[in-house]
Amino acid sequence: MGEIRDRALLLRRIPYGDSSLVIHLLTEHHGVLSLMARGARRAKSPLRAALEPLYALSVAWRAGRTGMGTLTDIERHEPLLPPALAGAGLQLVALAAALYREGDPHGFVELHRGLHLLAP
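Residues numbered from 1 in each chain as written. Predicted model: local features only at pLDDT ≥ 70, side-chain atom pairs only at ≥ 80, totals over all residues. Heavy atoms only, no water.

1. Quick word on the side chain of serine 20
Note the cut-off: Numbering of helices and strands runs from the N terminus, with a helix taken as a DSSP run of H or I at least four residues long and a strand as a DSSP run of E at least two residues long. To sort residues, take the accessible area from a 1.4 Å probe on protein chains only and compare it with the maximum for the residue type: under 20% means buried, over 50% means exposed, and anything in between is partly exposed. N or O atoms within 3.5 Å of each other form a polar contact, as long as, within protein, one can give a hydrogen and the other can take it, and as long as residues adjacent in sequence are counted only when both atoms are side-chain atoms. By definition in these notes, contact holds between two residues if any of their heavy atoms fall within 4.5 Å.
Inspection of the secondary structure puts serine 20 in strand 2 (residues 20–27). According to the relative accessible area criterion, serine 20 is buried, its value standing at 10%. At 3.2 Å, the side chain of serine 20 and the backbone nitrogen of glycine 39 are in polar contact. With residues near it in sequence (within four places) discarded, serine 20 still touches Ile14, Pro15, Met36, Ala37, Arg38, Gly39, Ala40 and Arg41.

Take a look at the structure:
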């Protein structure tokens, strides 16, 4: 299967092994996804700087045959909130992570709008 691309918001990062992360993303067309970001914790990894919360993201991944897919590319866009409002934004992201489950195709637009409402 080929690469899949979508816009996304980062919900959660979980360390895995010495250098990887399991990431949970809320995507525009595919809902909540769990992906393996191999090598994302290495100092020279191009994924490391892009995997920050409260940024608009464009992601590409390959679906797994039976389980979790693998992140292949990520592009970080503009921040969704100024640094002074990061705490409130992270609370909203945590709420979205609890509300929307894997396979649920909803939530991206709602979370994106909520973050924009927090901005001045």
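2. Some thoughts on the pattern of salt bridges
Where we set the bar: Here, a salt bridge means any Lys or Arg side-chain nitrogen found within 4 Å of an Asp or Glu carboxyl oxygen.
Under the counting rule described, the total for this entry stands at four salt bridges. As a salt-bridge pair, glutamate 3 and arginine 5 come within 3.6 Å of each other at their nearest N and O atoms. Across the pair arginine 13 and glutamate 52 runs a salt bridge whose closest N-O atoms are separated by 3.4 Å. Residue arginine 13 is located in strand 1 (residues 4–16), and its partner glutamate 52 is located in the loop between helix 1 (46–50) and strand 4 (55–62); the two are separated by 39 residues in the primary sequence.

3. A short note on the nonpolar core
Keep this limit in mind: What we call a nonpolar core is a set of buried Ala, Val, Leu, Ile, Met, Phe, Trp, Tyr and Cys residues that are connected through their side-chain atoms within 4.5 Å.
If you look at the biggest cluster of nonpolar residues, it comprises 18 residues, and the most contacted ones within it are Ile23, Leu25, Ala37, Leu51, Val59 and Leu71. Put simply, the parts of the chain that give this core at least two residues each are strand 1, strand 2, strand 3 (31–37), helix 1, strand 4 and strand 5 (69–79). Once you skip the residues sitting within four places of it in the chain, isoleucine 23 turns out to touch Leu10, Arg12, Arg13, Leu33, Ser34, Leu35, Ala37, Leu51 and Leu71. Listed in part, the 15 residues of the second largest apolar core include Leu9, Leu80, Val93 and Ala96.

4. Focus on the packing of helix 2 (residues 86–99) against helix 3 (residues 108–118)
Axis angle and axis distance: for two packed helices, these are the angle between their axes and the distance between the axes, and together they describe the pair. Formally: To obtain an axis, a line is fitted to C-alpha atoms, over the contacting stretch when the element is a helix, and the angle between two such axes runs from 0 to 180 degrees between their N-to-C directions. Oblique is the label for any angle not under 35 degrees, not over 145, and not in the 65 to 115 range, which are roughly parallel, roughly antiparallel and roughly perpendicular in turn. Crossing handedness: left-handed means the near helix sits turned counterclockwise from the far one by under a right angle, and right-handed means the same turn made clockwise. All amino acids are sorted into three groups, where Ala, Val, Leu, Ile, Met, Phe, Trp, Tyr, Cys and Pro are nonpolar, Asp, Glu, Lys and Arg are charged, and the leftover types, Gly among them, are polar.
Taken N-terminus to C-terminus, the directions of helix 2 and helix 3 make an angle of 160°; their axes are 10 Å apart at the nearest point. Regarding the angle of helix 2 to helix 3, the classification is roughly antiparallel. Classified by chirality, the crossing of helix 3 by helix 2 is right-handed. Along its contact with helix 2, which presents Ala88, Gly89, Leu92, Val93 and Ala96, the element helix 3 presents Leu111, Gly114, Leu115 and Leu118. Looking at side-chain class alone, the contact of helix 2 with helix 3 contains seven nonpolar, two polar and no charged residues.

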